[in-house]
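So the chains spell out like this:
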Amino acid sequence: MLTRARAIEEIAGSHFEVVVIGGGITGAGVALDAASRGYSVALLERGDYAAGTSSRSSKMVHGGLRYLQNFDLGLVREALLERALMVRLAPHLVYPTPFLVASLGEERRDRKLGLGLNMYDVMATARAGRSRRERRAAAREEEEDTYWAPDRHRTIDRDEVLQLVPALAPREPHDAYLFYDCQTDDVRLVLTVLGEAERFGAVMLNGAEVTEVLSANGKATGVAFVEEESGERIEVGADHVVNATGVFADQIRPEELLGEEDVPRIAPSRGTHLLIDEADLPMGKAACIVPAGEGRMIFSLPWYGRTLVGTTDNDFEGDTAHPRPAEEDVAYLLEAVNDFFGTSLGESNLVGAYAGVRPLISTGDPRKSVDISRKAELYETSSGMLTITGGKLTTWRRMAKQTVDRLVEREGREAPCHTHEIPLGMPARPEDLEAPDGVGEEALEQLAFRYGHAARRVLEIARSEPKLARSIVAGRPDLLAEVALAARAEQARSVADVLLRRTRLGILAAPELRSAKAARPVADVLGAELGWSRRRRSHEAEAWLAVAAQEGVDPAAAVSRVG
């Protein structure tokens, strides 16, 4: 990715065919789709890439069993096909995980759930709904180009359940349904898509808050934004303006807006997630669907060597820019986990937490947020500005395609979509990476997952600067060399950018980062790259503590202070 200074030079006062507002997964997808079809593209993000909903998801690329309960079969089918495609395009970053629905004690399997899993199996195959000729062609493609497809769900016995999820041992499971979904690192997926967009010529800039949609003769002609560090107002021209700001989509409004129906009505829903030390809740190799009362379900899954628990789904009226886990949500998730696993976990056991706000689209129906549409919707005002919002992480590519298809249609271009065949990064096996002294096997495995082939850049930095081969947090595999790469190639500008997004240490190891001293090594490496004075480095390390408090990433801190 270009440095911010270079990106500002290329964007300021220039004209692009497409300007995308928003640097989450949807905006990144639109930038990639448009650039790969030959459009000149600029993307503007007011904060940091993926700082909103796209860094606060459940880390799953999945069809969504819960949507089957609402008979939203189209959404499930679409998401399952995208899931298979993501494993094919980014095999190092999107990976399958077994999910268990366990029967504990004297309980027996829920036959209705078994029927639902049968539907899940059928909809997950690319052959469903095709003609015989199309099925034969698909079979030939699979033989020529093998890629992951989920096994059908099955029932496993007690021994296999405990082999996969040791945490269930105290509950004496009888058996379990086993099916597959996928996991990812949501931020790394965004950064990877942005990297591919740049490869096709797109220019990205964070710290660029769009304050105005420019227009002439009633048509959108570009945007004006404020560059965060200088405070300068900068204009950039565009043939097309795309609003992909997610939960903020109804706040970007052209002056010509005539009716509220021209923009989405966002009904924010907060999802809270908890991180627990694997030693306290050992999930092993699989995830569990956990009953949470009143017919609701949550999940518990392994992620980056921790156990991730989530999620809630509650209407939200607070600060959408900085949602934080609510005390009642934390208590609800802990109660469900303790009831299911027979544990007695409390806030003191949490190594991190986060909350995200989903951009659900309201139809004006007074139903709860769980019933509000999760489908993607495309809006177009008379100025020509397009707004794409709703949807979910899994379906980002289809949302982008829907948006760029509309641009192509109204221009009468001949420009088909290619994102179904564009690899997202390049895989690298840990054993193929040459580690410098001090970098262990665990670090290599994580680098291979997080960066793919680009992990070599991290290792080159660690090799040339041995002090950067050290861990950011003792006992964790994240390297200081990643901080340098984040500044050089990913436009990281703050300690929070590194701890919450370029690495995920802010939510994976929050107790170890409770002091400015603990954050200072990150500030020092960033400062060396960005030219900060010693005083600025101290200030930036302190600033991390304010961000951590604002985001509520460390619920155990309050318990520690009381203790």
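Bear in mind the structure is a predicted one, so any value in this text is a computation, not a measurement.

## So, the overall build of the protein
When you go through the protein residue by residue, the secondary structure sums to 18 helices and 18 strands. A compact globule built from 563 residues would reach a C-alpha radius of gyration of about 24 Å, and the protein, at 23 Å, matches this within 12%. With the C-alpha coordinates of the protein rotated into their principal frame, the extents come out at 70 × 60 × 50 Å. Every one of the 563 residues in the protein was classed for burial, and the buried ones make up 57%. By sequence separation, contacts in the protein at least 24 residues apart represent 73% of the contacts at least 6 residues apart. Put simply, the protein shows about 23,800 Å² of open surface, and 48% of that area lies on carbon and sulfur atoms. Considering the protein, the positive charge centre built from 69 side chains and the negative charge centre built from 87 side chains are found 2 Å apart.

## Structural notes on the packing of aromatic side chains
In the structure shown here, the tally under the stated rule is six aromatic pairs. Taking 5.7 Å as the distance between ring centres and 70° as the angle between the ring planes, the aromatic pair formed by Tyr304 and Phe449 counts as edge-to-face. Of the two residues, Tyr304 is situated in the loop between strand E13 (297–303) and strand E14 (306–310) and Phe449 in helix H11 (residues 441–451); the sequence distance between them amounts to 145 residues. The residues Tyr304 and Phe449 share a single accessibility class, namely buried. Within the aromatic cluster, the residues linked to one another by ring pairs are Tyr95, Trp303, Tyr304 and Phe449. Looking at Arg46, its charged tip hangs above the ring of Phe248, at a distance of 4.3 Å from the centre. If you follow Arg413 out to its NZ or CZ, it ends over the ring of Tyr39, 3.9 Å from the centre.

## Details of the nonpolar core
Counting residues in hydrophobic clusters, the biggest one holds 118 residues, and the most contacted among them are Val41, Leu194, Leu424 and Trp544. Looking at which element gives the most residues to this core, the answer is helix H13 (residues 480–489), with eight residues. Not counting residues within four places of it along the chain, the set of residues in contact with Trp544 comprises Val495, Ala496, Leu499, Leu500, Gly506, Leu513 and Ala519. The next biggest cluster of nonpolar side chains, apart from the first, holds 33 residues, and it includes Ala176, Ile298, Val330 and Tyr332.

## Quick notes on the pattern of salt bridges
Tallied over the full model, the rule gives 44 salt bridges. A salt bridge links Glu490 to Arg502; its shortest N-O distance comes to 3.6 Å. Of this pair, Glu490 sits in the loop between H13 and helix H14 (495–502) while Arg502 sits in helix H14; the two residues are 12 residues apart in sequence, bridging distant segments of the chain. Residue classification places Glu490 among the buried residues on the basis of a relative accessible area of 9%. A single network of salt bridges, built from pairs that share partners, joins Asp48, Arg188, Glu490, Asp497, Arg501 and Arg502.

## Notes on the side chain of Asn243
Mapped onto the fold, Asn243 is located in strand E10 (residues 233–243). Of note is the side chain of Asn243, whose polar atom sits 2.9 Å from the backbone oxygen of Ala249. Among the polar contacts made by the side chain of Asn243, one reaches the side chain of Thr387 at a distance of 3.2 Å. Not counting the four nearest positions on each side in its chain, Asn243 is found in contact with Ile21, Ala249, Ile252, Met385, Leu386, Thr387 and Ile388.

## Points about the confidence of the model for the protein
Looking at the protein, pLDDT values average 90 and 90% of them are 70 or higher. Confidence drops under a pLDDT of 50 for residues 128–132, and excluding neighbours within four residues, the segment shows four contacts in the predicted structure. Segment residues 138–146: pLDDT under 50, and six contacts once partners within four positions in sequence are set aside and those in other chains are kept.

## Observations regarding the environment of Met283
In this fold, Met283 is placed in the loop between strand E11 (269–277) and strand E12 (287–291). Not counting residues within four places of it along the chain, the set of residues in contact with Met283 comprises Leu164, Val165, Pro166, Cys288, Ser300, Leu301, Pro302, Thr307 and Phe341.

## Some remarks on the side chain of Arg397
Its location among the elements puts Arg397 in helix H10 (residues 396–411). Separated by 3.0 Å, the side chains of Arg397 and Glu82 make a polar contact. Residues contacting Arg397, with those up to four places away along its chain left out, are Glu82, Leu85, Met86, Cys417, Thr419 and His420.

## Section: helix H17 (residues 534–551)
Residues three or four positions apart in an α-helix share a direction because the helix packs 3.6 residues into each turn. Here H17 contains 18 residues, and its C-alpha end-to-end distance of 26 Å stays within 8% of the 26 Å for a straight helix at 1.5 Å per residue. Of the positions making up H17, those classed as buried are Arg537, Glu540, Ala541, Trp544, Ala548 and Glu551. Seen from one end, H17 has its buried residues packed into an arc of 100°, which puts them on one side. In H17, the exposed positions angled more than 90 degrees off the buried face are occupied by Arg535, His539 and Ala546. Of the surrounding secondary structure, the elements contacted by the buried residues of H17 are H14, helix H15 (505–508) and helix H16 (516–530). Two residues or fewer past H17, Gly552 is found with a positive phi of approximately 70°.

Parameters and conventions
- Residues numbered from 1 in each chain as written.
- Predicted model: local features only at pLDDT ≥ 70, side-chain atom pairs only at ≥ 80, totals over all residues.
- Heavy atoms only, no water.
- Helix = DSSP H or I, 4+ residues; strand = E, 2+ residues; numbered from the N terminus.
- Rg over C-alpha atoms; globule rule 2.2 N^0.38 Å.
- Buried < 20%, exposed > 50% of the residue type's maximum accessible area, 1.4 Å probe, protein only.
- Contact = heavy atoms within 4.5 Å.
- Areas by Shrake-Rupley, 256 points an atom, 1.4 Å probe, with all protein chains shown as cover.
- Lys, Arg positive; Asp, Glu negative; His and termini not counted.
- Charge placed at Lys NZ, Arg CZ, Asp CG, Glu CD.
- Phe/Tyr/Trp six-rings, centres within 6.5 Å; stacked < 30°, edge-to-face > 60°.
- Lys NZ or Arg CZ within 6 Å of the ring centre and 35° of its normal.
- Core = buried A, V, L, I, M, F, W, Y, C linked by side-chain atoms within 4.5 Å.
- Salt bridge = Lys/Arg side-chain N within 4 Å of Asp/Glu carboxyl O.
- Polar contact = N/O pair within 3.5 Å; in protein donor to acceptor, adjacent residues only side chain to side chain.
- pLDDT = per-residue confidence, 0-100.
- Expected span 1.5 Å × (residues − 1).
- Arc of directions from axis to C-beta.

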